[in-house]
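The primary structure of each chain is shown beneath.
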Amino acid sequence: MFEFIPGFSLQVFRILEKPEIRVSEDETPLKLKDMYREGCFEAAFPLHAGGYKIGDRKAKWCDINLGEIDNPRKLLRYFWSSSHMQWKYQPINIVKNYFGAVTAMYFAYVGFYNMTLTIPAIVGSIIFLYGILQMFYSETVNQICNSGTKYLMCADCYIDGSCEATYISDYCFTTM
């Protein structure tokens with residue numbers, strides 16, 4: 001059942017070989033091979049089959065030959081999880097073929113949701129920057145910050161009973 005096949009990850013092979021089930025302390029543990037032989041399940045498949053690396057490690061993304069991409073994992077690596085595809089649409093068909101329709105639907109929804117939030121994010125950033133620029137030119141802020149000791153506010157009193165005079169100009173940065 002679990003012969004080592006080229007392209008089949010040695011790490012996955014070791015994970016599949018390792019699981020043991022003990023029915024009781026006295027019995028010998030059952031391994032995956034034993035459970036397969038007993039008919040507990042019909043087949044076992046690795047989570048990811050095949051490698052994910054494409055060509056030379058130092059090669060640029062634009063120099064990669066798409067003809068050498070021979071499995072869906074490499075396609076996902078090239079079209080989905082690489083930084084050069086950051087501003088492109090998601091390859092939902094490739095995701096559906098590799099992970100299934102439910103997972104592809106989730107990523108399609110998240111991509112759509114992020115796209116719909118770009119306009120509010122841009123508008124919010126513009127309003128925020130406008131607010132920062134306007135605080136230096138606001139007449140109210142300038143009056144408060146430049147008042148010095150002209151306007152005395154309620155004193156700040158502490159637990160030990162001591163009180164300290166507070167001027168409105170002390171709160172200059174909170175008015176901005």
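What you see is a predicted model, and the numbers here were worked out from it, not measured in a lab.

This part takes up the overall build of the chain. Within the chain, the secondary structure is distributed over six helices and four strands. Scanning the chain from its N terminus toward the C terminus, one meets helices and strands in the order α-β-β-α-α-α-α-α-β-β. Of all intrachain contacts in the chain linking residues separated by at least 6 positions in sequence, the fraction that spans at least 24 positions is 24%. Total accessible area computed for the chain in this model is approximately 14,300 Å², and 60% of it derives from carbon and sulfur atoms.

When you line up the elements, Gly148 lands in the loop between helix 6 (139–145) and strand 3 (152–157). Once you skip the residues sitting within four places of it in the chain, Gly148 turns out to touch Tyr167 and Ser169.

Where two aromatic rings form a pair, the distance of their centres and the angle of their planes describe that pair. This structure, assessed with the given rule, holds three aromatic pairs. Note on Tyr106 and Phe107: the rings are 5.2 Å apart at their centroids and 70° apart in plane angle, and the pair reads as edge-to-face.

To continue, consider the side chain of Ser169. Mapped onto the elements, Ser169 comes out in the segment after strand 4 (163–167). Owing to a relative accessible area of 18%, Ser169 belongs among the buried residues under this scheme. Setting aside anything within four residues of it in sequence, one finds Ser169 in contact with Ile144, Cys145, Ser147 and Gly148.

Another aspect to go through is the confidence of the model for the chain. Chain-level pLDDT for the chain is 75 on average; 65% of the residues reach the 70-or-more range. In the model of the chain, strand 1 (residues 20–21) stands out as the element of lowest mean pLDDT, 58, in contrast to helix 5 (residues 101–135), which has the highest, 92.

This part covers the pairing of strand 4. Where strand 3 lies against strand 4, four bridges are found, and the strand directions are antiparallel. In the sheet register, Leu152 faces strand 4, and the bridge partner there is Tyr167. Taken together, strand 3 and the strand that follows it, strand 4, pair antiparallel across an intervening segment of five residues, in which Gly161 is found at a positive phi of about 100°.

Right, let's get into the packing of helix 4 (residues 92–99) against helix 5. Packed helix pairs are characterised by how far apart their axes lie and by the angle those axes make with each other. At a closest axis distance of 7 Å, the pairing of helix 4 and helix 5 adopts a crossing angle of 145°. Relative to helix 5, the crossing made by helix 4 is right-handed. Residues Ile92, Val95, Lys96 and Phe99 of helix 4 lie in contact with helix 5, whose contacting residues are Ala101, Thr103, Ala104, Phe107 and Ala108. Of the residues belonging to the contact of helix 4 with helix 5, the class tally is seven nonpolar, one polar and one charged.

As a further point, take the packing of helix 3 (residues 72–79) against helix 4. Across the interface, helix 3 lies against helix 4 with an axial gap of 10 Å and an inter-helix angle of 145°. Along this stretch, helix 3 crosses helix 4, giving a crossing that reads as left-handed. Where helix 3 abuts helix 4, its residues Pro72, Arg73, Leu75, Leu76 and Phe79 lie against Ile94, Val95, Tyr98 and Phe99.

On to the environment of Cys172. Within the secondary structure layout, Cys172 lies in the segment after strand 4. On the accessibility criterion, Cys172 (10% relative accessible area) is buried. Once the C-alpha coordinates of Cys172 and Ile144 are considered, the two residues, 28 residues apart in sequence, prove to be 6.1 Å apart. Here Cys172 is in contact with Ile144 and Cys145, once residues within four sequence places are set aside.

Calculation rules
- Residues numbered from 1 in each chain as written.
- Predicted model: local features only at pLDDT ≥ 70, side-chain atom pairs only at ≥ 80, totals over all residues.
- Heavy atoms only, no water.
- Helix = DSSP H or I, 4+ residues; strand = E, 2+ residues; numbered from the N terminus.
- Contact = heavy atoms within 4.5 Å.
- Areas by Shrake-Rupley, 256 points an atom, 1.4 Å probe, with all protein chains shown as cover.
- Phe/Tyr/Trp six-rings, centres within 6.5 Å; stacked < 30°, edge-to-face > 60°.
- Buried < 20%, exposed > 50% of the residue type's maximum accessible area, 1.4 Å probe, protein only.
- pLDDT = per-residue confidence, 0-100.
- Pairing = 2+ DSSP bridges.
- Axes fitted to C-alpha atoms, helices over the stretch in contact; angles between N-to-C directions.
- Left-handed = near helix turned anticlockwise from the far one by under 90°.
- Nonpolar A, V, L, I, M, F, W, Y, C, P; charged D, E, K, R; others polar.

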